[in-house]
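# Reading the structure
Residues per chain are reported as follows:
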Amino acid sequence: MKYALLDRGDRLSRELSEQFQTQAKARGLIYDEEAPDTVVSIGGDGTMLQAFHRYKELLDRVAFIGIHTGHLGFYADWQKNELVELLDLMASSEPRNIHYPLLHVDIVTTEGKETHLVLNEFTLKSGDGTLVSAIHINDEPFEMFRGDGIVISTPTGSTGYNKSLGGAVIHPSLEALQIAEIASINNRVYRTLGSSVILPKHHHCDIVPPDPGEELIIGVDHMLMALTGVRSITCRVAEKKVTFARYRPFTFWNRVREAFIGSV
Ligand code: NAP
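The structure displayed is predicted, hence computed values, not measured ones.

## Re the site of the ligand
Neighbouring residues of the ligand: 18 residues in total, closest Gly44, Gly46, Gly160, Ser164 and His222. Elements represented by at least two residues in the shell around the ligand include exactly helix 2 (45-55) and helix 4 (161-164). With three residues, helix 2 is the single largest residue contributor to the shell around the ligand. Counted by class, the shell around the ligand contains four nonpolar, eleven polar and three charged residues.

Below is the structure:
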């Protein structure tokens, strides 16, 4: 097995990363930053987002594993005291690979088109106060949004920003995207649905700002960027999926319970 490793950069994650490399070498695992077949993230779910974007060009051939140096995460579901167990399994057995849906975003600007692959969510806010944008679903006008912003998430991202906005938690076996509103203005003049909307794989949505001259702030997972000249943004479930290597069962609903509810 050839693996790459990315850690959060704090002392504990760095120490664990060093231990991992020493013990991996002793078990015959090869460190290969350029062409790994397994990418190990040590830190938190945020670290996994960074690992994903670093290796997203290799999605067809890599599987990700996350070790959490704090509490259990959604992508980082091994804990720091389980390092030896994980390494033994990596050295001696084949994992069950599971595949999770991603979001594909095309942004058409006055300069051309840019495309993003998203693991958690795509966010859109105005660079200057209230965001105004038309939302179309499958090329039909759906609503005129006015408010703080829009978050479009993947099923695994549904437990992140989306959940804080009152969006539903979606099981990642469902190939879907979810549109959630951030503080929409709803009165006699402006009207949105007010609840989040879940689209299946064969549907898409377009966000069309009325003025391409306006500065927008777009978020692709943990990365924020300012963009002007935006004509339209199209979001759909991506053709590609991300693969996670599972060496033991840990169901999605157990992860949700552990993260948000605790013992019952
Ligand atoms: P951050 O602001 O440092 O951390 C945000 C928190 O979200 C961390 O506790 C992180 O877990 C957790 N998280 C990330 N992905 C998650 C997921 N799929 N399900 C449940 N929790 C998740 O930012 P960051 O570490 O760079 O992560 C960026 C993410 O933060 C975004 O993709 C977005 O989902 C989330 N976010 C949430 C809000 C909100 O809830 N109001 C606002 C902005 C962004 P770890 O501690 O394990 O890393």
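## Some details on the environment of threonine 234
The topology assignment puts threonine 234 in strand 16 (residues 230-246). On the neighbour-count criterion, threonine 234 (18 C-beta atoms within 10 Å) is partly exposed. Sequence separation of threonine 234 and leucine 131 is 103 residues, and the distance between their C-alpha atoms is 17 Å. Excluding its chain neighbours within four sequence positions, the residues that come into contact with threonine 234 are Asp106, His204 and Asp206.

## What to know about the domain arrangement of the protein chain
Segmentation of the protein chain into domains returns domain 1 (2-95 + 247-261) and domain 2 (102-240). In this structure, domain 1 and domain 2 have C-alpha centres spaced 30 Å apart. Taken residue by residue, the interface counts eleven residues in domain 1 and eleven residues in domain 2. Sorting the residues of the side of domain 1 that touches domain 2 by element identifies helix 2 and helix 5 (252-261) as the ones contributing at least two each. Ranked by the residues each element gives to the side of domain 1 that touches domain 2, the list is headed by helix 2, at five residues. Looking at the side of domain 1 that touches domain 2 residue by residue, the classes come out as seven nonpolar, three polar and one charged.

## Overview of unusual backbone geometry
Located in the positive-phi region is asparagine 138, a residue other than glycine, with phi close to 50 degrees. Within the secondary structure layout, asparagine 138 lies in the loop between strand 9 (131-137) and strand 10 (140-153). One non-glycine residue, alanine 183, adopts positive backbone phi at about 45 degrees. For alanine 183, the position within the fold is in strand 11 (residues 176-184).

Conventions and cut-offs
- Residues numbered from 1 in each chain as written.
- Predicted model: local features only at pLDDT ≥ 70, side-chain atom pairs only at ≥ 80, totals over all residues.
- Near = placed C-beta within 6 Å.
- Helix = DSSP H or I, 4+ residues; strand = E, 2+ residues; numbered from the N terminus.
- Nonpolar A, V, L, I, M, F, W, Y, C, P; charged D, E, K, R; others polar.
- Buried ≥ 20, exposed ≤ 12 C-beta atoms within 10 Å, placed from the backbone.
- Contact = placed C-beta atoms within 7 Å.
- Domains from an automatic or database assignment.

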